[in-house]
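Coordinate inspection notes
Listed below are the residues making up each chain.
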Amino acid sequence: MSGSALQDLFGIDEPIVLGPFGGLSSVALTVEVSELGGLGSYGLYGYAPERIRETIAQLREATDRPFAVNLWLPTGDEVAPGDVDLGPATAALAPLYEAAGVEPPAPPHAFLPAVRDQLAAALESGPAVLSLVYGVPQPWLVEAARARGIRLIGTATSVAEARALDAAGVDAIVATGAEAAGHRVSFLRRAEDSLVGTFALVPQVVDAVGVPVIAAGGIADRRGVAAAFALGASGVQVGTAFLRTRESAATEAHRAAIQAARDTGTVLTRAMSGRLARGIPNTAMRTIETAGVIAPFPAQNWLTGAFRAPAARAGNGELLSLWAGQAAGLASRETAAEVFAELRAGLRA
Ligand SMILES: Cc1cc2nc3c(=O)[nH]c(=O)nc-3n(C[C@H](O)[C@H](O)[C@H](O)COP(=O)(O)O)c2cc1C
């Protein structure tokens, strides 16, 4: 794949992608990375269709450059209210509700908006790129995106997932190693059985697929970018280093936790959402792990959201999901422009 594969595909100047942050993306950061010549991404996880349309309109108003929006596909194992007895998991969270000064939430009508409606809203708004996690887009989605000139990115944690995405017709594949921040977006095998590191994953995915591969996980400076390209990647997707910057929507407490984290400072846990994700341990994670009762996704995410939201407003990092990757110790830059310049230097290396 030529060095300009991603630039041509997405209409960008540099093959540097800002990772989407479901629940924590900001218009400011997404726009900044796109304006710098990369591909800013915005995570739409959990957004209702109306909010998706509004957000894409805001992004479009703020920049003429291409940007990506990101959605989670259904894997089929999501529970609905009424499917599970939330009593035990709610009881395990009692100390955290108390610490946040809130009551346990009453069960909602639905935990999440219908994905089909989210996809329809995103397609209708016509972003340059739609990136997807947790699965393979169905043929109708690939056709609908193609008909509107929207490029599709799929996300793989294994070679088999990358092959499935390639066969489905995505335009590019993010190969995300186990170092990465946030959820392990595996969809063919259990996330625990798909923990391949970026260094091993990227070249094997490059060998297996015909589309450009974007390396993600553990890349935070010029050395990581140069390594990704040496492994055959056509681009990089960077999360933690950008989340640490002042343009991100992360709370000051979250930023400070990333800044303080060293190489061993993150762990994989199902505690916060019911799905495996990488973050920095805090009171919430430890309390739930110790209790040992975790509702399935997305019920657990919804249950913990009831204390995470007020904690975010209060700036209490002990009650948040402190998602971060293993390269947090390299995430020292204050602004998106500084991170971008550092990453870009790796392209010239
Ligand atoms: C707070 C947070 C939320 C994230 N949410 C999403 C998401 O909704 N969709 C997605 O594709 N990736 C998501 N990610 C992963 C990032 O987009 C990116 O791929 C990852 O952070 C790259 O690894 P790094 O942090 O080591 O750079 C999230 C990461 C963080 C830190």
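The paragraphs below set out a description of the structure included in this document. Counting starts from 1 at the beginning of each chain's written sequence and moves along it residue by residue. Per-residue local features of the predicted model are confined to residues with pLDDT of at least 70, and side-chain atom pairs are confined, for both listing and counting, to 80 or more; whole-chain, interface and lining totals are unaffected and use all residues.

**A short note on the overall build of the protein**
Rule in force here: Helix numbers and strand numbers start at the N terminus; a helix is a DSSP run of H or I with at least 4 residues, a strand a run of E with at least 2. Each radius of gyration reported is based on C-alpha atoms, and the globular scaling rule is 2.2 Å times the count of residues to the power 0.38. Exposure classification rests on a simple neighbour count of other C-beta atoms within 10 Å of a residue's own: a residue reaching 20 or more is buried, one at 12 or fewer is exposed, and one in between is partly exposed. C-beta atoms are placed from the backbone. Note that contacts rest on C-beta atoms placed from the backbone: two residues are in contact if these are within 7 Å.
Within the protein, the secondary structure is distributed over 15 helices and eleven strands. Taken over the C-alpha trace, the protein has a radius of gyration of 19 Å; the compact-globule value for 349 residues is 20 Å, and the two agree within 12%. Counting the 349 residues in the protein, one finds 52% classified as buried. Intrachain contacts of the protein at a sequence separation of at least 6 include 70% that bridge at least 24 residues.

**Quick notes on the site of the ligand**
Formally: Any residue whose C-beta atom, as set from the backbone, lies within 6 Å of a molecule or strand is reported as near that molecule or strand.
The ligand sits among 27 residues. The nearest are Gly19, Gly22, Gly182, Gly239 and Gly325. Counting residues per element, the ones that place at least two in the shell around the ligand are β9 (235–238) and α11 (240–243).

**Here we look at helix α12 (residues 252–260)**
Quick note on the threshold: This arc is built from the directions going out from the helix axis to the C-beta atoms.
Every buried residue of α12 is accounted for by His254, Ala257 and Ile258. Viewed end-on, α12 has its buried residues packed into an arc of 100°, placing them on one side of the element. α12 presents Glu252 and Ala260 as exposed residues on the side facing more than 90 degrees away from its buried surface. Buried residues in α12 make contact with α11.

**Quick look at unusual backbone geometry**
Along the chain, Phe297 connects to Pro298 via a cis peptide bond; the corresponding omega equals -5°. You can see Pro298 is positioned in the loop between α13 (283–291) and α14 (299–314). Backbone geometry at Tyr134 places phi at a positive 70°, although glycine is not the residue there. For Tyr134, a count of 19 C-beta atoms within 10 Å gives the class partly exposed.

**Topic: helix α9 (residues 198–208)**
Among all positions in α9, only Thr198, Leu201, Val202, Val205 and Val206 are buried. Along the axis of α9, the buried positions cluster into a sector of 125°, meaning they face one direction only. Where α9 is buried, its residues meet β5 (151–156), α8 (159–168), β6 (172–176), β8 (213–216) and α10 (222–230).

**What to know about the environment of Gly239**
Inspection of the secondary structure puts Gly239 in the loop between β9 and α11. It is 17 Å that separates the C-alpha atoms of Gly239 and Ala345, two residues lying 106 residues apart in sequence. Not counting residues within four places of it along the chain, the set of residues in contact with Gly239 comprises Gly19, Phe21, Ala180, Ala181, Gly182 and Gly325.

**Quick word on the sheet that holds β9**
In a beta sheet, neighbouring strands are held together by backbone hydrogen bonds and run either parallel or antiparallel to one another. Convention followed: Strand pairing is defined by DSSP finding a minimum of two bridges between the two strands. Where helices are involved, their axes are fitted lines through C-alpha atoms of the stretch in contact, as for all axes, and angles between N-to-C directions lie from 0 to 180°.
Sheet architecture is open: eight strands sit in the order β1-β9-β8-β6-β5-β4-β3-β2, paired in parallel fashion. The outermost strands of the open sheet, each flanked by one partner alone, are β1 (16–18) and β2 (40–43). For this sheet the average axis-to-axis angle between neighbouring strands, irrespective of direction, equals 25°. In this sheet, β9 lies alongside β1 in parallel orientation, the contact comprising three bridges. Within the sheet, the bridge partner assigned to Ile16 lies in β9 and is Val236.

**A short note on the sheet that holds strand β7 (residues 182–183)**
With antiparallel pairing, three strands are arranged side by side in an open sheet as β7-β11-β10. Every other strand in the sheet has two partners, leaving β7 and β10 (267–269) as the edge strands with one partner each. Sheet topology places β7 next to strand β11 (residues 277–279); two bridges connect them, and they run antiparallel. Paired with His183 across the bridge in β11 is Ala277.

**What to know about the nonpolar core**
Nonpolar side chains tend toward joint burial in soluble globular proteins. The line we're drawing: Only buried residues count toward a nonpolar core: Ala, Val, Leu, Ile, Met, Phe, Trp, Tyr and Cys, linked into one set through C-beta atoms within 7 Å.
Of all hydrophobic cores here, the largest spans 114 residues; its most connected members are Ile173, Ala175, Val205, Val213, Ile214, Ala215 and Val236. For this core, the element with the highest residue contribution is α14, accounting for six residues.

**Notes on the pairing of β8**
Basically, it comes down to this: Throughout, right-handed denotes a crossover for which the path from the first strand over the helix to the second runs clockwise when the strands point away from the viewer.
By the alternation rule, side chains of β8 split into Val213 and Ala215 and Ile214 and Ala216, which are all buried. Handedness of the β-α-β unit built from β8, α10 and β9 comes out right-handed.

**Let's talk about the packing of helix α3 (residues 49–62) against helix α6 (residues 115–125)**
The condition that has to hold: With respect to orientation, any angle under 35 degrees is reported as roughly parallel, any angle over 145 as roughly antiparallel, any angle of 65 to 115 as roughly perpendicular, and every other angle as oblique. A clockwise turn of the near helix away from the far one marks a right-handed crossing, whereas an anticlockwise turn of less than a right angle marks a left-handed crossing. All residues other than Ala, Val, Leu, Ile, Met, Phe, Trp, Tyr, Cys, Pro, Asp, Glu, Lys and Arg, Gly among them, are scored as polar; the first ten of these are nonpolar and the last four charged.
Relative orientation of the contacting elements α3 and α6 amounts to 25°, with a least axis distance of 8 Å. In terms of orientation, α3 and α6 fall into the roughly parallel class. Considering the relative orientation of α3 and α6, their crossing is right-handed. In this structure, α3 contributes Pro49, Ile52, Arg53 and Ile56 to the contact, and α6 contributes Asp117, Gln118, Ala120, Ala121, Ala122 and Ser125. Across the contact of α3 with α6, the residue classes break down as six nonpolar, two polar and two charged.

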